[in-house]
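Here is how the chains run, residue by residue.
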Amino acid sequence: MDKTATTRTVQHLWQAEILPSLQDFVAIPALSPSFDAAWAANGNLDAAVEHLRAWITKRNLPGATVEVVRLPERTPLLLVDIPGTVDAGTVLLYGHLDKQPPVGGWAEGLGPWSPVLRDGKLFGRGAADDGYAGYAATAAVEAVRANGGQHSRCVILLETCEESGSYDLPAYLEHLDDRLGAVSLVVCLDSGGMDYDRMWLTMSLRGLVSVTATARVLTGGQHSGTVSGVVTSSFRVLRQLIDRIEDSSTGEIKLSAMNVEIPAERAAEARATVESAPGTVITAIPFADGVRPVVDDEVELVLNSSWRPTLSIIGASGLPEPEDAGNVLRPFTTLTLSFRLPPTADADAALEQVKQALTTDVPYGAQIELTRLEAAGGWNAPALAPWLRSTLDTVSDTVFGAPWRTMGMGGSIPFMGLLAERYPDAQFVITGAVGPDSNIHVPDESLDIAQATRVTEAVAHILDAHANA
């Protein structure tokens, strides 16, 4: 496949075809169902699916079918089935169309649903996470066909539940099992890397456990001057319970099910990552003035964020705003505990240990209620096949001009674990255009257009190499 011609094709597609449509996609407030309980009535997920369906249909890929798949009471899924020029199994290309909530604090002139092109980036919610993926996957197939390459059957799967933990996806995979057939390559475009200088492959993803815990000590608030010292604080009850799980002085998680031995090859990859992009782990994070990372060793920081369990308190209720706070011993406190798990940890076992720690022998007999329980396993990549490794070497040189590198992603993509179980012999290419300043999930999300273009071109070469392996 002609490299120069492929580059021209991909660049043209991005500038003339993808960017105008992707800007319109950003304007759709397609919140994931966890953030929009009325998603079915509001219709924004359906609007996002229809937007991509219409765009891909107009590409007129030979023999392609573009279908919205709907199971009862589940979020919709867009399935694009493109016949191959050769038969080498099915290539499954994954992305998602649902979005994180907008959150406040966007910079002047920017907003979650207002697409802005500035300094080579497209700003807006869902641009980088992960609205570009369906466009990039389609363009990669187009580039292969336009420049004399080959590709096996390609199925593009775009779900609308990823930001909510992909809880609808197992049902769809079961429903589509016969249609998908023998998947030999999975390409996921919902990831990224430490810089925009090279291609990054994600080799592991952490799992997730989430629990919302409420501690109740009274049926109603009471004057703190009257009952403090007689009734315990509901906040103190939760603090004591959390101390069973996390060492507050170090952040170490005490539960056995959440700790695993880090594979030697992943530790070596962490060192290589730091050597390739020194300082990026720290400089990419907007620390407040004077705040230090938890340790100084960058390799340990990479392992902390990819292979060690962590706890973040991501939500709270029962606490008034400071200006509204009176001298009241509050009746309850609610905290949402979000755990990131090592890729090979058993998420269900971890959740059971969390439940036991929070509900056994509760201090002062306080009432504990656990809601919004979630557990999702992580993923550890299989060894790269020789054809894929050599292709990555070539692509890194010709497309990026720098060696490719690997990383462990601290976030979760439950889809990968599901596919690894279902297709144990498949090769996985987990990559993407997200970089250190993409700001996914937070204000000022942006997509680096040049990196997205290079990633698209790289996927085209990988599809051709897979077909000829």
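It should be emphasised that the depicted structure is a prediction, and the values quoted were computed from it without experimental measurement.

(A) Representation of the overall build of the chain. Check the secondary structure of the chain and you find 15 helices and 18 strands. Relative to a compact globule of 469 residues, whose C-alpha radius of gyration would be 23 Å, the chain shows 23 Å and is just as compact. Taken along the three principal axes of its C-alpha coordinates, the chain extends 80 × 50 × 45 Å. Counting across all 469 residues of the chain, residues that qualify as buried make up 54%. Per element, the accessible surface of the chain, about 19500 Å² overall, is 49% carbon and sulfur.

(B) Expanded view of the pattern of salt bridges. Summed over all chains, the structure comprises 17 salt bridges. Residues R125 and E445 are paired through a salt bridge, measuring 2.8 Å at the closest nitrogen-oxygen approach. Of this pair, R125 sits in the loop between β5 (121–123) and α4 (127–146) while E445 sits in the loop between β17 (427–430) and β18 (446–448), and the two are 320 residues apart along the sequence. Neither R125 nor E445 differs from the other in exposure class; each is buried.

(C) Representation of the sheet that holds β5 in the model. Pairing in this open sheet of three strands is antiparallel, and the strands run β4-β5-β18 from one edge to the other. The sheet is open, and its two borders are formed by β4 (116–118) and β18, each paired with just one other strand. Averaged over neighbouring strand pairs, the angle between their axes works out to 20° when direction is ignored. Relative to β18, β5 runs antiparallel, the two being bridged by three bridges.

(D) Highlighting unusual backbone geometry. At the junction of D129 and D130, the peptide bond is cis and its omega measures out at 10° in the coordinates. Its location among the elements puts D130 in helix α4. Unlike most non-glycine residues, D119 shows phi in positive territory, near 55°. Within the secondary structure, D119 is located in the loop between β4 and β5. What makes D119 exposed here is its relative accessible area of 74%. A positive phi is found at Y364, a non-glycine position, where the angle reads about 60°.

(E) How the structure looks around the environment of A460. Along the polypeptide, A460 turns up in helix α15 (residues 449–468). You can call A460 buried: its relative accessible area is 0%. Separated by 229 residues in sequence, A460 and V231 place their C-alpha atoms 65 Å apart. Ignoring sequence-local partners within four residues, the contact set of A460 consists of M1, T6, A140, A143 and V144.

Conventions we followed
Residues numbered from 1 in each chain as written. Predicted model: local features only at pLDDT ≥ 70, side-chain atom pairs only at ≥ 80, totals over all residues. Heavy atoms only, no water. Helix = DSSP H or I, 4+ residues; strand = E, 2+ residues; numbered from the N terminus. Rg over C-alpha atoms; globule rule 2.2 N^0.38 Å. Buried < 20%, exposed > 50% of the residue type's maximum accessible area, 1.4 Å probe, protein only. Areas by Shrake-Rupley, 256 points an atom, 1.4 Å probe, with all protein chains shown as cover. Salt bridge = Lys/Arg side-chain N within 4 Å of Asp/Glu carboxyl O. Pairing = 2+ DSSP bridges. Axes fitted to C-alpha atoms, helices over the stretch in contact; angles between N-to-C directions. Contact = heavy atoms within 4.5 Å.

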